[in-house]
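# A look at the structure
Listed here are the chains, written in short residue letters.
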Amino acid sequence: MIETERLAKSYRKNNILIHVLTDITFEVSRGEFIAIMGPSGSGKSTLLHLLGFLDRPDAGTYRFEGKDLSSADDNALAAVRNSRIGFVFQQFHLLDRISALDNVMLPLLYLEADDPEGEARAARALQAVGLADRGSHFPAELSGGEQQRVAIARALINDPVLILADEPTGNLDDKSGADVLERLGRFRDSGRTIVLVTHDRKVAERADRILVLDSGRIT
Amino acid sequence: MSRGWRIARHTAVMLAANRPRTFLMMLGLAAGVAVLSTVMIVAAGTRRRVNELVNKHGLDMVMVRAGGDVQVFAPTADRGVEALFDADARAIAGEIPNVRMVSPVQNQRGISAVFEDRSHTTRAFGVAPPWIEIRRWGVAEGEFISDADMEGMARVALLGAAVARRLFPEGGAVGRTIRLNGDPYTVKGVFIEMGVDAGGDDWDDRVIVPLTTSARRLFGRPHLEQIVMLVSDPGRVPETAARIRELLRVRHQIGAGDPDDFFVREPADVEGTALETSSALTSLLFGVSAVALVAGGLVIMNLMLVAVAQRAPEIALRRAIGARVSDIKRQFLLEALLVALAGALAGALAGAAAALLLTTMGLAEGVLTWVSFAVAILSCGVIGLLAGIYPARKAAAVEPAVALGERRLA
């Protein structure tokens, strides 16, 4: 599913070159649940953005589903993000002016063709995260845990093969966090690959395998 | 629905969901459009009123009479002052820019008109085809003098209503042959009833023949009593009259200090002054509203730029769930356009309401025209697109990897 070889990414900040990631080489198989762990500033999120085609590496290769997409254009990468990958963020990133159901349906907007089943699938996705009765609620009317579950439903709507979760429990209390992790784990059981980024060892231990990142390198 | 339409509809829905922000964005433009529409509606009303005045009082008609100033007080032009000629009329038509229609005029009293055993002594006029429009008269039966009649010195005549009644009490004058000073003329038409004018002349007691016919046959003389003309812009009558005076003085070789041998009669220009004043005010308000529109566009652009900064996480999220860079650009461009069009609509309605209010209060006379709406929609569409370009570029340049770390979504 994921193969990286000597991935590197650096930023220039105040004219100083900062190497965020160096020599990142690892593989993740289909259906695997891995955690990328490391202190803040270790480059975890940057790595996740590279894996999700939200950013491009400076060097190295990244093969997703066996394909090197480094020369693909923005439209092609947008299509991959839309239908092959689901993102879950620490901040949930729900649009607060539209209902939970509309938030879940948001990725349908960027599909190439109309999806007549879209609303039904969104309802099923909400059901899958235990929020079948909350579809018409606005994000502000939901608890943090519920908001994150809406975000998970949104990540699932287009039936992706890969779920990328960036500190999904970072803004949640322990109980909600455990619930969210439990649900994420279940999606692995349905054959999806999950890459979760966290600084929390207890969270990371839910995964099949832990990759530790320190100062931009895998240790 | 195509992908583009789906995203466009979503953009409109999101704007509607963000009503306070959308309202603030369109406010400036709506105010500008409101002023613009009010001005246009009131200007259209003023124009219509002025046109009515012009038509009613002939404010666009200038008359040149043979003889000097004294003629005004003794307008018996039949005294035979030999000062004005057809060439003067042609020179005026050719050289004075504001003049759009000219007719030379000859007239003579004491012309005998006879049909069978009926006779009547009347005043005959020799005129050119534009004359009927210049004098705002009309033909009730038959036709007015044509260019062919002029060229052929045709023996045709049109009768005033009173003359027609006198010679043809049973009607049916058109096509009959009458005698004017003994010569046969075919009746080509009968005028509509006009009555007695302010100067005491009875318009219905007249016979009209082509100028060429009167000059060569009926009167047998080349000089004119009058030249009448219409101007395009009644507001510039004084200037036009001055140029005619200048032209004729040169043509008549009148030395400096010597009196004119003609008199240029202008229409009463009281209303003309009113028209000029209101048109100056209109231009000023047009200027003000143009500035307001530009300002409204800048308001949209600035609020959009602020919004792009605030909404960076939203933009990043959209990218993460499958939006292309071009989708983001189009979304923001479309937002600016829709906000501008909403502003245009709101402003146009407010302007119409304001104009209606001014009309009911008697302060102005508005005429609702689709033009004001079309101008509002079109200009705001352009302004919206222009105002949206820069923010849309900024939005498209948002780096999702950077923006996703930021806190909240709009």
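Procedures and definitions
Residues numbered from 1 in each chain as written. Chains lettered and ligands numbered in written order. Predicted model: local features only at pLDDT ≥ 70, side-chain atom pairs only at ≥ 80, totals over all residues. Helix = DSSP H or I, 4+ residues; strand = E, 2+ residues; numbered from the N terminus. Buried ≥ 20, exposed ≤ 12 C-beta atoms within 10 Å, placed from the backbone. Contact = placed C-beta atoms within 7 Å. Rg over C-alpha atoms; globule rule 2.2 N^0.38 Å. Nonpolar A, V, L, I, M, F, W, Y, C, P; charged D, E, K, R; others polar. Axes fitted to C-alpha atoms, helices over the stretch in contact; angles between N-to-C directions. Parallel < 35°, antiparallel > 145°, perpendicular 65-115°, else oblique. Left-handed = near helix turned anticlockwise from the far one by under 90°. Domains from an automatic or database assignment. Pairing = 2+ DSSP bridges. Core = buried A, V, L, I, M, F, W, Y, C linked by C-beta atoms within 7 Å. pLDDT = per-residue confidence, 0-100.

In this section: the overall build of chain A. Scanning chain A for helices and strands turns up seven helices and 10 strands. Along the longest, intermediate and shortest principal axes, the C-alpha atoms of chain A span 50 × 40 × 40 Å. The proportion of buried residues among the 219 residues of chain A is 47%. Long-range pairs, those at least 24 residues apart, make up 73% of the contacts in chain A between residues at least 6 apart in sequence.

Before going further, it helps to spend a moment on the overall build of chain B. Broken down by element type, chain B carries 14 helices and 10 strands. For 410 residues, the compact-globule formula gives about 22 Å, and the C-alpha radius of gyration of chain B, at 34 Å, lies well above that figure. With the principal axes as the frame, chain B shows a C-alpha extent of 110 × 55 × 40 Å. The 410 residues of chain B split such that 42% are buried. Counting only contacts in chain B whose residues sit at least 6 apart along the sequence, the fraction spanning at least 24 positions is 82%.

With that settled, consider the interface of chain B and chain A. By a widely used convention, the size of an interface equals the accessible area lost when the partners come together. With 25 residues of chain B at the interface, the matching set in chain A holds 27 residues. Mapped by element, the contributors of at least two residues to the side of chain B that touches chain A are α1 (3-17), α11 (312-320), α12 (325-360) and α14 (400-403) of chain B. Element by element, the count of residues in the side of chain B that touches chain A is highest for α1(B), at six residues. Of the residues in the side of chain B that touches chain A, the class split is 14 nonpolar, four polar and seven charged.

A separate point is the packing of helix α5 (residues 144-156) of chain A against helix α6 (residues 174-189) of chain A. Relative orientation and spacing of two packed helices are given, respectively, by the angle between their axes and the distance between those axes. Residue and element names in this part refer to chain A. Two elements in contact, α5 and α6, have axes separated by 9 Å at closest approach and are oriented at 15°. For the element pair α5 / α6, the angle class is roughly parallel. Of the two possible hands of crossing, α5 and α6 adopt the one that is right-handed. Residues G144, G145, Q148, R149 and I152 of α5 pack against S176, D179, V180 and R183 of α6. Looking at the contact of α5 with α6 residue by residue, the classes come out as two nonpolar, four polar and three charged.

Further remarks concern the domain arrangement of chain B. Segmenting chain B into domains produces domain 1 (3-53 + 273-403) and domain 2 (60-267). The C-alpha-based centres of domain 1 of chain B and domain 2 of chain B are spaced at 56 Å.

This brings us to the environment of P238(B). The topology assignment puts P238(B) in helix α9 (residues 237-251). Along the chain, P238(B) and A164(B) lie 74 residues apart, while their C-alpha atoms are 39 Å from each other.

Attention shifts here to the sheet that holds strand β7 (residues 162-166) of chain A. Residue and element names in this part refer to chain A. An order of β6-β7-β8-β3-β9-β10 is seen for the six strands of this open sheet, with the pairing classed as mixed. Edge positions in the sheet fall to β6 (85-88) and β10 (217-218), since each has one partner strand and no second. Two elements, strand β3 (residues 33-37) and strand β8 (residues 193-198), share five bridges in a ladder whose sense is parallel. Residue pairing across strands places A35 opposite L196, the latter belonging to β8.

Residue and element names in this part refer to chain A. The buried fraction of β3 amounts to five of the five residues, a majority that puts the element mostly inside the structure. Side chains F33, A35 and M37 of β3 all project onto a buried face; the interleaved residues I34 and I36 project onto the opposite face, where all are buried too. Two elements, β3 and strand β9 (residues 209-214), share four bridges in a ladder whose sense is parallel. Counted as the bridge partner of M37 is V212 from β9.

Further remarks concern the pairing of strand β2 (residues 99-115) of chain B. Moving residue by residue along a regular strand, the side chains alternate between the two faces of the sheet. Residues and elements named next belong to chain B. Note that β2 and strand β9 (residues 226-231) share six bridges and pair antiparallel. Counterpart to M101 in the pairing with β9 is L230. Hairpin connection from β2 to strand β3 (residues 118-127): two residues lie between these consecutive antiparallel strands, with E116 at a positive phi of about 50°. Relative to strand β6 (residues 177-180), β2 runs antiparallel, the two sharing two bridges. Pairing of V114 across the sheet is with R179, part of β6.

A few words now on the nonpolar core. Among the nonpolar cores identified, the biggest contains 119 residues, and A153(A), L29(B), V33(B), I300(B) and A340(B) are the most heavily contacted of them. In contact with V33(B), not counting residues within four places along its chain, are L293(B), G343(B), A344(B), G347(B), A348(B), G351(B), A376(B) and C380(B). I96(B), Y185(B), L230(B) and F262(B) belong to the second largest nonpolar core, which has 52 residues in total.

A few words on the confidence of the model for chain A. Averaged over all residues, the pLDDT of chain A is 92; the fraction at 70 or higher stands at 100%. Model confidence for chain A, summarised as mean pLDDT per element, is weakest for α6(A) at 86 and strongest for helix α3 (residues 100-105) of chain A at 96.

Attention now goes to helix α1 (residues 44-51) of chain A. Residues and elements named next belong to chain A. Summarising burial for α1: eight of the eight residues are buried, a large majority. Taken as a whole, α1 has its buried residues at K44, S45, T46, L47, L48, H49, L50 and L51. Count one or two residues on from α1 and you reach F53, which has phi positive near 60°.

Despite not being glycine, R6(A) shows a phi value in the positive range, around 50°. Structurally, the position occupied by R6(A) is in strand β1 (residues 2-13). Unlike most non-glycine residues, Q253(B) shows phi in positive territory, near 50°. Assignment of secondary structure puts Q253(B) in the loop between α9 and β10 (262-265).

Here we come to the packing of helix α2 (residues 19-57) of chain B against helix α13 (residues 370-396) of chain B. Residue and element names in this part refer to chain B. Between α2 and α13, the shortest axis-to-axis distance is 9 Å and the interhelical angle comes to 150°. Classified by the angle their axes make, α2 and α13 are roughly antiparallel. Relative to α13, α2 is oriented so that their crossing is right-handed. Residues L29, V33, L36, S37, M40 and I41 of α2 form the contact with α13, whose own contacting residues are V371, S372, V375, A376, C380 and I383. Its residues assigned to classes, the contact of α2 with α13 comprises 10 nonpolar, two polar and no charged.

Attention now goes to the confidence of the model for chain B. All names here are of chain B. Averaged over all residues, the pLDDT of chain B is 88; the fraction at 70 or higher stands at 93%. Counting interchain partners and residues more than four positions distant, the pLDDT-below-50 stretch residues 71-78 has 11 contacts. Model confidence for the complex: the whole-complex pTM is 0.71, and ipTM, which rates the interface, is 0.94.

Here we come to the sheet that holds β1(A). Strand order in the open sheet formed by four strands is β2-β1-β4-β5 (chain A), with antiparallel pairing between adjacent strands. The open sheet is flanked by β2 (16-28) and β5 (67-68) of chain A, the only strands paired with a single partner.

Tracing the backbone through its elements, the reader meets Y110(A) in the loop between α3 and α4 (118-128). In the structure, Y110(A) is positioned 106 residues away from G216(A) in sequence and 33 Å away in space, judged by C-alpha atoms. Apart from the residues within four sequence positions on either side, Y110(A) is in contact with A78(A), N82(A), I321(B), G322(B), A323(B) and D327(B).

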